[in-house]
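Remarks on the overall topology
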Amino acid sequence: MDYKIATKCVQAGYTPKNGEPRILPIVQSTTYKYDSSEEMGDLFDLKASGYFYTRLQNPTNDAVAAKIAALEGGVAAMLTSSGQAANFYALFNLCSAGDHIVASSAIYGGTFNLIGVTMKKMGIEATFVNPRASAEELEAAFQPNTRAVFAETISNPSLVVLDIEKFARAAHKHGVPLVVDNTFPTPVNCRPFEFGADIVTHSTTKYMDGHASAVGGAIVDSGNFDWMAHADKFPGLTTPDESYHGVNYAKDFGKGAFITKATAQIMRDLGSIQSPQNAFLLNLGLETLALRMKQHCANAEKISAWLAKDPRVTWVSYPALPDSPDHEVAKKYMPNGTCGVISFGVKGGREAATRFMDSLKLAAIVTHVADARTCVLHPASTTHRQMNDEQLVACGISADLIRLSVGIEDADDIIADLDQALSQA
Ligand SMILES: *Cc1c(COP(=O)(O)O)cnc(C)c1O
């Protein structure tokens, strides 16, 4: 039975058998006991599936990963300790030294550093492209050694909505997968696999957890990319893994190849597993995700319209606003709503923005975004402060940009708080 998304949020991933706990149990155990060495040996050889060490797999984590796979409509998923780990693992599962990535320039600051600086040190180069680039401009970014295309479905914090089909077409024309970070819309509002994306990543720290209680990440595979059809590009997936007794992920695991390799090889060696405790908290958050996203979007739609009319505000960016350059793209890919994040500029520039921020009473100044409580951030002086002005502009961030993460409180209370703080600015 293919349930609707709100039902999957509550029910998917864990189905207790007769007499088992109704609520997903936290399996707080690093290890698992077997009657014979041979049985455990089969697990190590990936001949049998089962648990032997929580760095690789844990039943609590697996249930939550299965729920996220169901929400995205993918074949398999894995949890990671953070969104950073999810994006790194997803890309490193495809690339090695000498390879190249085409990435949207409008992405989260941490991911921009990961791809532009840290992965470069590992010998993986990247070309950044404007997410609103034409098909021709996109085409020009590819190289013979390109192995992946990366973008965010709604960029943090610049809120550009990705034309997923355009990026998927470009990637597939060059025989490489499209990897998208779907953190901001969540699968409740956008399911990128339906538009040709191959791999989805998440910082579950944001809306999925939803309560700012647990850092985490997830990678989901659509199972749609044909690795063997592009075997020469992805030897890590299509030739024997000597570090794993010659396992051939694509041949031996079919649609499970990507997540099996990410688990058996990358998680084994790099070890950024999510703790089962955090997976339990994430699951509680997921149960109310559909409900919360509705309220985040309704509030943000009301508040963005209010801000857009206010003379103390110089500009407002929110994809659902009728004059947003992404309005049509958002309607196509996210017809039920986008996310609860709005960015805007306060009249009077950087200093007025600071006075505004300091005058807020309900909205809190935090680096976090996308949880139940309304919060604000000034990226140019915090999350993106490592970037120079040119890089900031390339990411779609101006020095006066305030990122407002609208929570699920009553919209009128949030507006009253913004109103009094704007008067102080
Ligand atoms: C926060 C965020 C990340 C990084 O996730 P962490 O859980 O903080 O490591 C990656 N991508 C996007 C879009 C984010 O908002």
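All figures in this text were calculated on a predicted structure; none of them were measured in a lab.

What follows deals with the domain arrangement of the protein. Each assigned domain of the protein is listed with its residue range as follows: domain 1 (5-284) and domain 2 (290-424). Each side of the interface is counted separately: domain 1 has 37 residues, and domain 2 has 37 residues. Overall, the association of domain 1 and domain 2 removes approximately 3000 Å² of surface from exposure, summing both partners, and the carbon and sulfur fraction of that is 62%. Connecting domain 1 to domain 2 are two salt bridges.

All right, on to unusual backbone geometry then. With the exception of glycine, most residues fall at negative phi, and the peptide bonds are largely trans. For the peptide bond that leads from Asn156 to Pro157, omega is 5°, which places it in the cis range. Among the structural elements, Pro157 can be located in the loop between β4 (146-152) and α7 (164-173). Phi at Ala370 takes a positive value of approximately 65°, unusual for a residue other than glycine. Under the relative-accessibility criterion, Ala370 is labelled buried at 0%.

This part takes up the site of the ligand. Neighbouring the ligand are 16 residues, the closest being Asn156, Asp181, Ser203, Thr205 and Lys206. Within the side chain of Thr205, a nitrogen or oxygen atom sits 2.6 Å from an oxygen atom of the ligand. Between the ligand and Lys206, the relevant distance is 2.6 Å, taken from an oxygen atom to a side-chain nitrogen or oxygen of the residue. Taking 380 Å² as the accessible area of the ligand by itself, protein coverage stands at 92%. Counting residues per element, the shell around the ligand draws most heavily on helix α4 (residues 83-92), at three residues. A per-class count over the shell around the ligand returns three nonpolar, ten polar and three charged.

Running from N to C, α4 and helix α5 (residues 109-121) cross one another at 45°; their axes reach a closest spacing of 10 Å. Judged by the angle between their axes, α4 and α5 are oblique. Where α4 crosses over α5, the two elements pack in a sense that is right-handed. Where α4 approaches α5, its residues Gln84, Asn87, Phe88, Leu91 and Phe92 are matched on the opposing element by Gly110, Thr111, Leu114, Ile115 and Met119. Its residues placed into classes, the contact of α4 with α5 shows six nonpolar, four polar and no charged.

Here strand β12 (residues 401-405) lies mainly inside the structure; five of its five residues are buried. Alternating residues of β12 divide into Leu401, Arg403 and Ser405 and Ile402 and Leu404, and every residue in both groups is buried. Relative to β12, strand β9 (residues 341-346) runs antiparallel, the two sharing five bridges. Of the residues in β12, the one forming a bridge with Ser343 is Arg403. The pairing of strand β11 (residues 375-377) with β12 spans three bridges and is antiparallel. From the neighbouring strand, Leu377 faces β12, where its bridge partner is Arg403.

Definitions and limits used
Residues numbered from 1 in each chain as written. Predicted model: local features only at pLDDT ≥ 70, side-chain atom pairs only at ≥ 80, totals over all residues. Heavy atoms only, no water. Domains from an automatic or database assignment. Contact = heavy atoms within 4.5 Å. Buried area = accessible area lost by both parts, 1.4 Å probe. Salt bridge = Lys/Arg side-chain N within 4 Å of Asp/Glu carboxyl O. Helix = DSSP H or I, 4+ residues; strand = E, 2+ residues; numbered from the N terminus. Buried < 20%, exposed > 50% of the residue type's maximum accessible area, 1.4 Å probe, protein only. Near = heavy atom within 4 Å. Polar contact = N/O pair within 3.5 Å; in protein donor to acceptor, adjacent residues only side chain to side chain. Areas by Shrake-Rupley, 256 points an atom, 1.4 Å probe, with all protein chains shown as cover. Nonpolar A, V, L, I, M, F, W, Y, C, P; charged D, E, K, R; others polar. Axes fitted to C-alpha atoms, helices over the stretch in contact; angles between N-to-C directions. Parallel < 35°, antiparallel > 145°, perpendicular 65-115°, else oblique. Left-handed = near helix turned anticlockwise from the far one by under 90°. Pairing = 2+ DSSP bridges.

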